[in-house]
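The residues making up each chain are set out below.
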Amino acid sequence: MDESDFEGTLVLEKLAEIGKVEDFFDAIDSDDFGKAQSLMKRAGIDPQTVAMVLKKMNTADGKH
């Protein structure tokens, strides 16, 4: 997946399948990179997408 095409829908769908969307948003809000990464791995999200999400969390400016 190209970073410019990333919108997060797949990530949220996968997290919804395991009932962890709210926990994921809590992790993002508190900048808990470890918890966010753990939740995405548990949801079966591929490593490249996990890395992209963590990168976006790190450089967040309120637009992601």
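For the structure, check the block above.
Predicted model, so just to flag it, every value in this text is computed and none were measured.

Moving on, we come to the nonpolar core. Nonpolar side chains tend toward joint burial in soluble globular proteins. By size, the foremost hydrophobic cluster in this structure holds 13 residues, and its most contacted members are Val11, Leu15, Phe24, Ala36, Met40, Ile45 and Leu54. Among the secondary structure elements, those contributing two or more residues to this core are helix H1 (9–17), helix H2 (21–29), helix H3 (33–42) and helix H4 (47–58). The element contributing the most residues to this core is H4, with 4 residues. Each residue touching alanine 36, except ones within four places of it in the same chain, is listed here: Phe24, Ala27, Leu54 and Met57.

Moving on to the packing of H3 against H4. The contact between H3 and H4 brings their axes to 10 Å, and the two run at 155°. Classified by the angle between their axes, H3 and H4 sit roughly antiparallel to one another. Where H3 crosses over H4, the two elements pack in a sense that is right-handed. Only Val50, Val53, Leu54, Met57 and Asn58 of H4 make contact with H3, whose side of the interface consists of Phe33, Ala36, Gln37 and Met40.

Thresholds, definitions, all that
Residues numbered from 1 in each chain as written. Predicted model: local features only at pLDDT ≥ 70, side-chain atom pairs only at ≥ 80, totals over all residues. Heavy atoms only, no water. Core = buried A, V, L, I, M, F, W, Y, C linked by side-chain atoms within 4.5 Å. Buried < 20%, exposed > 50% of the residue type's maximum accessible area, 1.4 Å probe, protein only. Helix = DSSP H or I, 4+ residues; strand = E, 2+ residues; numbered from the N terminus. Contact = heavy atoms within 4.5 Å. Axes fitted to C-alpha atoms, helices over the stretch in contact; angles between N-to-C directions. Parallel < 35°, antiparallel > 145°, perpendicular 65-115°, else oblique. Left-handed = near helix turned anticlockwise from the far one by under 90°.

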